[in-house]
Amino acid sequence: MRFTIEKHIVFLGLVVLFPLICTSQSTFKSSRATYYDSPDDYGNPRGACGFGEYGRTVNYGNVAGVSRLYRNGTGCGACYQVTCTNPRYCSYDGVNIVVTDYGQGDRTDFILSSRAYTKLAKPNMALELFALGVVDVEYRRISCKFSGYNLMFKVNENSRYPQYLAIIILYAEGQNDITAVELSQENDDEWKPMRKAFGAVFDFSNPPEGSISLRFQVKGSAGNTWVQSNNAIPSYWKPGAAYDSNIQLT
Ligand SMILES: *[C@@H]1O[C@H](CO)[C@@H](O)[C@H](O)[C@H]1NC(C)=O
C-alpha cells in the first residue's frame, strides 16, 4: 500500500500562487499524538470501527484511534499524514495512517499504534519519542491508496445467515466518507437503507433472498454521489467473508 506524500513547502516566491495550486490539498493542522501498546505493535483488532483483523494489519499496522476525527464512525477508514514537530527527534514525512479505532488521550487527536508512532521518529530516535509519551504533531487528511484493491466489504462475523446481515467497508480509496449504504434484491429497483449499527458497520434484519445489490453514498471532494455494486453479495453469503464490489473509488 502506498500513499501520496506531498508535504507542502511554502517558498517565498510561491506565496501568491499558493491558494491556486493547493485548492484541493488540505493544509496541516496542529495537535498532539500518543501511542498504544499491542502485542506485536500492530493495530487493535477490537477497534471501535469494527474492522476486526483488517484493523490490525491494514497499512502494515500503521493505524490510529482518533477522538473528534472519529465523527461517530464516519471517520473510520480515513487516512491522515501525521508528522511530529520536534526537529531533533522527528522525521520529515512522519507516518501515513488509517483510522481504525476511537480513542481519547490528553488533548490528542491521534493514538497511534506503536508501529506508526515509531515512524514519526528519525532513525534511532524512537526511544526518545516513546519516553516523551505525547508529542506535538501536525496532521492533514490525505487520499488513501490501497494498490491492487477495489472497494471491498466484509460480512461481519456477528451476522447470521439468512436473517441478519451486517457489513463493513474495506479499502475505500481517496478522501471519501461512506455516509450511507442501501441494499436491494437482485433485479429489483427498490432500495432500502441499511442501519448504521456502530463504527463503520451497517446492518439489516431479514435481508432479501437471492443475491443482494448494494449502493454506497460517497461524500468526497466531488460532493455526494452514489456508487452501485450489482449482485455484490451472493445468495449464500457467509459471515466473515469479504466480497469485491468491483468499484474503484478515487
Ligand atoms: C452515531 O452512530 C450511531 C450508530 O453507529 C447511531 O445510532 C447514532 O444515531 C449516531 N449519532 C449521530 C448523532 O449521528
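Notes on the structure in this doc start here. What you see is a predicted model; the values in this text were computed from it and never measured.

### With respect to the pairing of strand β11 (residues 195-198)
- Bridge analysis of β11 against strand β12 (residues 201-205) gives 3 bridges, and the strand direction is antiparallel. Counted as the bridge partner of Arg 195 is Asp 203 from β12.
- Remark: 2 residues form the turn of the hairpin made by β11 and β12, two consecutive strands paired antiparallel; Gly 199 in that turn has positive phi of roughly 50°.

### A short note on the sheet that holds strand β9 (residues 177-185)
- Read across the open sheet, the 4 strands follow the order β10-β9-β13-β14; overall the sheet is antiparallel. A strand with exactly one partner marks an edge of an open sheet, and here the two such strands are β10 (192-193) and β14 (223-233).
- In the sheet, strand β13 (residues 212-220) pairs with β14 via 8 bridges, with the strands oriented antiparallel. By the bridge assignment, Gly 220 is partnered in β14 with Gly 223.

### Considering the state of the cysteines
- Enumeration according to the criterion identifies 3 disulfides in this entry.
- At a sulfur-sulfur separation of 2.1 Å, the disulfide partner of Cys 49 is Cys 76. Between Cys 49 and Cys 76 the sulfur-sulfur dihedral comes to about -90°; the bridge is accordingly left-handed. One end of the pair, Cys 49, is in the loop between β1 (29-36) and α2 (53-57); the other, Cys 76, is in the loop between β2 (63-66) and β3 (79-84), with 27 residues separating them in the sequence. A single burial state applies to Cys 49 and to Cys 76, both of which are buried.
- A disulfide bridge connects Cys 79 with Cys 144, and the sulfur atoms are separated by 2.0 Å. Between Cys 79 and Cys 144, the disulfide has an S-S torsion of 110° and is therefore right-handed.

### Re the packing of aromatic side chains
- Tallied over the entire structure, the rule returns 15 aromatic pairs.
- Where Tyr 80 meets Phe 110, the ring centres are 5.6 Å apart and the plane angle is 70°; that geometry is what we call edge-to-face. One end of the pair, Tyr 80, is in strand β3; the other, Phe 110, is in strand β5 (residues 110-113), and 30 residues separate them in sequence.
- For Phe 110, a relative accessible area of 0% translates into the label buried.
- When the ring of Phe 153 is compared with that of Phe 216, the centres are 6.1 Å apart and the planes differ by 45°; the resulting orientation is tilted. With Phe 153 in strand β7 (residues 151-155) and Phe 216 in strand β13, this pair connects stretches of sequence that are 63 residues apart.

### Here we look at empty space enclosed by the protein
- This structure, assessed with the given rule, holds 1 cavity of 30 Å³ or more.
- Here the largest cavity is characterised by a volume of approximately 250 Å³.
- Every residue lining the largest cavity is counted, 25 residues in all, and those nearest its centre are Cys 76, Gly 77, Ile 169, Ala 172 and Ile 178.
- Listed by contribution, the elements that provide at least two residues to the lining of the largest cavity are β8 (164-170) and β9.
- With 3 residues, β9 is the largest single contributor of residues to the lining of the largest cavity.
- Split into classes, the residues belonging to the lining of the largest cavity amount to 14 nonpolar, 8 polar and 3 charged.
- Looking at which domains feed residues into the lining of the largest cavity, each of domain 1 (29-142) and domain 2 (152-243) gives three or more.

### Examining the side chain of Ser 31
- Within the element layout of this structure, Ser 31 appears in strand β1.
- The exposure class of Ser 31 is buried, given its relative accessible area of 13%.
- Within the structure, the side chain of Ser 31 is placed 2.6 Å from the side chain of Asp 109, a separation counted as a polar contact.
- Residue contacts for Ser 31: discarding those within four places in its chain leaves Arg 107, Thr 108, Asp 109, Val 135, Asp 136, Val 137 and Tyr 139.

Calculation notes
- Residues numbered from 1 in each chain as written.
- Predicted model: local features only at pLDDT ≥ 70, side-chain atom pairs only at ≥ 80, totals over all residues.
- Heavy atoms only, no water.
- Pairing = 2+ DSSP bridges.
- Helix = DSSP H or I, 4+ residues; strand = E, 2+ residues; numbered from the N terminus.
- Disulfide = S-S within 2.5 Å.
- Buried < 20%, exposed > 50% of the residue type's maximum accessible area, 1.4 Å probe, protein only.
- Phe/Tyr/Trp six-rings, centres within 6.5 Å; stacked < 30°, edge-to-face > 60°.
- 1 Å grid on protein atoms, 1.4 Å probe; cavity = no way out; pocket = protein on both sides within 12 Å on 5 of 7 lines; lining within 4 Å.
- Points joined across faces, edges and corners; volume = space filled by probe spheres on them.
- Nonpolar A, V, L, I, M, F, W, Y, C, P; charged D, E, K, R; others polar.
- Domains from an automatic or database assignment.
- Polar contact = N/O pair within 3.5 Å; in protein donor to acceptor, adjacent residues only side chain to side chain.
- Contact = heavy atoms within 4.5 Å.

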